[in-house]
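# Per-entry structural report
Here's the letter readout for the chains.
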Amino acid sequence: MERKGTATVVKSAGTHYLLSELPVWNPFRAEIRGKLRLETQTETNPVAVGDLVEYAADAGNFGSVALISKILPRRNCVIRKSANLSYESHVIAANVDAAYLVVTLYYPEIKPEFVDRFLVSCEAYGVPAIILLNKNDLIDEGPAQLGTDREAFESIYRRAGYRVEELSAIEGRGIAKLRREIRGRVVLLSGISGVGKSSIVKALDPKLEPKVNEISSYYRQGKHTTSMYEMYPVSTGGFVIDTPGVRGFGLVNFKPEELSTYFPEMLEVMDGCRFKPCTHTHEPDCAVKAAVGDGRISVERYNSYLGMLDEGSKYR
Ligand SMILES: Nc1nc2c(ncn2[C@@H]2O[C@H](COP(=O)(O)OP(=O)(O)O)[C@@H](O)[C@H]2O)c(=O)[nH]1
Ligand SMILES: [Mg+2]
Ligand SMILES: [Zn+2]
């Protein structure tokens, strides 16, 4: 006898998956046979953690592997273009209520380019993004990253309209608030390797056991330990997706006139540009450039925008 149902992908290990009928936590194994893709899909992974799928399983044989028969349309997703293979993209997670980008002022170093690309991707695909500034217990340990001043960093992103929360997975600072935010939701933790994503999962619920990196004191770099995309059930409610650290974050193709709409602080003022569409580069009477001029938009974010615009033009 066959059992059919709808479930969420809670773990992706490349060729096999774990599904669970959320909000119930009852993971079971599943596979994809043959070709199964969303129409128009060009991503390297057919199914991502957070995807809602239809499956069929042999009800008489408990422990048998279910077959994924259909991927239901995505509400949203976080997607990244491979840094080296410019035409391939990878879905990091689908159907999330929020994406937390974890960064730290200590090590590994913040790469503003990575941060801004991640945020643009979230805006483009409809995912609310929040920045978590982790490892704040190190605040007394001497200077933070060269040239990265806490207030300057927070000001850049708060002016852009993002929430920046200070956190310490080790000391637990900010964790109770995060736990409350996650309740009843599915959220993504993203960021480069070593920033503390897995440590945050563990801090949210000590019963969970994601692998935590040991940062080599010599290189002060995280090694990749999480190679899986995996969702964890937080016992106080909600689900959190831990991801391997991504190195590069290439932008998925966009139209040049669209790009500034993915910068919330530009979107807010661009109505005032004389030309429509305006690329906010050479055009006279540009409201975005005016806002950069008087500090409402940070020079850092504007330069990031110009860099992406320039990079985008290389693919066309
Ligand atoms: N001082 C300090 N170290 C942290 C904190 N969070 C994580 N770490 C350390 O950073 C390293 C990488 O953590 P991990 O959670 O594996 O990072 P991930 O690669 O983003 O999952 C480990 O050595 C952690 O102990 C924190 O809040 N404070
Ligand atoms: Mg990790
Ligand atoms: Zn303009």
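The residue count restarts for each chain, going from 1 along the sequence in the order it is written. By the order in which they are written, chains take letters starting at A while ligands take numbers starting at 1. Local features in a predicted model are, by the rule used here, given only for residues with pLDDT of at least 70; side-chain atom pairs are given and counted only at 80 or more, and totals for whole chains, interfaces and linings are based on all residues.

### A word on the overall build of the chain
A run of DSSP states H or I qualifies as a helix once it reaches four residues; a run of E qualifies as a strand once it reaches two. Both are numbered from the N-terminal end. Broken down by element type, the chain carries eight helices and 13 strands. Taking all 316 residues of the chain together, the buried fraction comes to 38%. Think of it as a crowd count around each C-beta: if 20 or more other C-beta atoms lie within 10 Å the residue is buried, if 12 or fewer it is exposed, and in between it is partly exposed, with C-beta placed from the backbone throughout.

### What to know about the pairing of strand β12 (residues 229-233)
Side-chain positions along a regular strand alternate between the two faces of the sheet. β12 sits mainly inside the fold: four of its five residues count as buried. Strand pairing is assigned whenever DSSP identifies at least 2 bridges connecting the two strands. Pairing geometry for strand β1 (residues 2-12) and β12, over two bridges, is antiparallel. For serine 12, the partnering residue across the bridge sits in β12 and is tyrosine 229. Counting the residues in the hairpin turn of β12 and strand β13 (residues 239-242) gives five residues, including glycine 237, whose phi is positive at 115°.

### Focus on the nonpolar core
Core analysis: the largest hydrophobic core is formed by 82 residues, its most contacted members being Leu19, Val78, Ala93, Leu101, Leu188 and Ile241. We call two residues in contact if the C-beta atoms placed from their backbones are at most 7 Å apart. Not counting the four nearest positions on each side in its chain, leucine 101 is found in contact with Val115, Phe118, Ala129, Ile131, Leu132, Ser190 and Gly191. Remark: nonpolar core denotes a set of buried Ala, Val, Leu, Ile, Met, Phe, Trp, Tyr and Cys residues whose joining runs through C-beta atoms within 7 Å.

### Considerations on the environment of leucine 22
Along the polypeptide, leucine 22 turns up in the loop between β2 (16-20) and β3 (28-31). The class of leucine 22 is partly exposed, set by 18 C-beta atoms lying within 10 Å. In this structure, the C-alpha to C-alpha distance between leucine 22 and leucine 52, residues 30 residues apart in sequence, is 9.6 Å. Every residue in contact with leucine 22, bar those within four places of it in the chain, is listed here: Thr8 and Phe239.

### Looking at the pairing of β13
With burial as the criterion, each face of β13 is covered, one bearing Phe239 and Ile241 and the other bearing Val240 and Asp242. As paired elements, strand β11 (residues 186-190) and β13 share three bridges and run parallel to each other. Within β13, the residue paired with valine 187 across the bridge is valine 240. Direction of pairing for β12 relative to β13: antiparallel, over a ladder of four bridges.

### Focus on the confidence of the model for the chain
pLDDT expresses how confident the predictor is about each individual residue, on a scale running from 0 to 100. Put simply, the chain has an average pLDDT of 87, and 85% of its residues get 70 or more. Contacts from residues 216-226, a stretch scored under 50 in pLDDT, to residues over four places away or in other chains number 24 contacts.

### Some thoughts on unusual backbone geometry
Cis geometry is adopted by the peptide bond preceding proline 23, which originates at leucine 22 and carries an omega value of 10°. Structurally, proline 23 can be placed in the loop between β2 and β3. The phi torsion at asparagine 95 lies on the positive side, around 55°, for a residue other than glycine. Owing to 20 C-beta atoms within 10 Å, asparagine 95 belongs among the buried residues under this scheme. A positive phi angle, close to 50°, is found at aspartate 285, a residue other than glycine. Along the chain, the position of aspartate 285 falls in the loop between α6 (264-269) and α7 (287-293).

### Some words on helix α2 (residues 150-159)
Within α2 the residues assigned to the buried category are Phe153, Ile156 and Tyr157. Down the axis, α2 shows its buried residues gathered within 85° of arc, on one side only. Of the residues one or two after α2, glycine 161 is the one with positive phi, at around 100°. What the arc covers is the set of directions going from the helix axis to the C-beta atoms.

### So, the environment of glycine 174
Relative to the elements of secondary structure, glycine 174 occurs in the loop between β10 (163-166) and α3 (175-182). Ignoring anything within four residues of it in the chain, the contact list for glycine 174 reads Glu165, Glu166, Leu167 and Ser168.

### Some thoughts on the environment of threonine 243
Along the chain, threonine 243 turns up in the loop between β13 and α5 (256-259). Residues threonine 243 and isoleucine 192 lie 51 residues apart in sequence; the distance between their C-alpha atoms is 9.3 Å.

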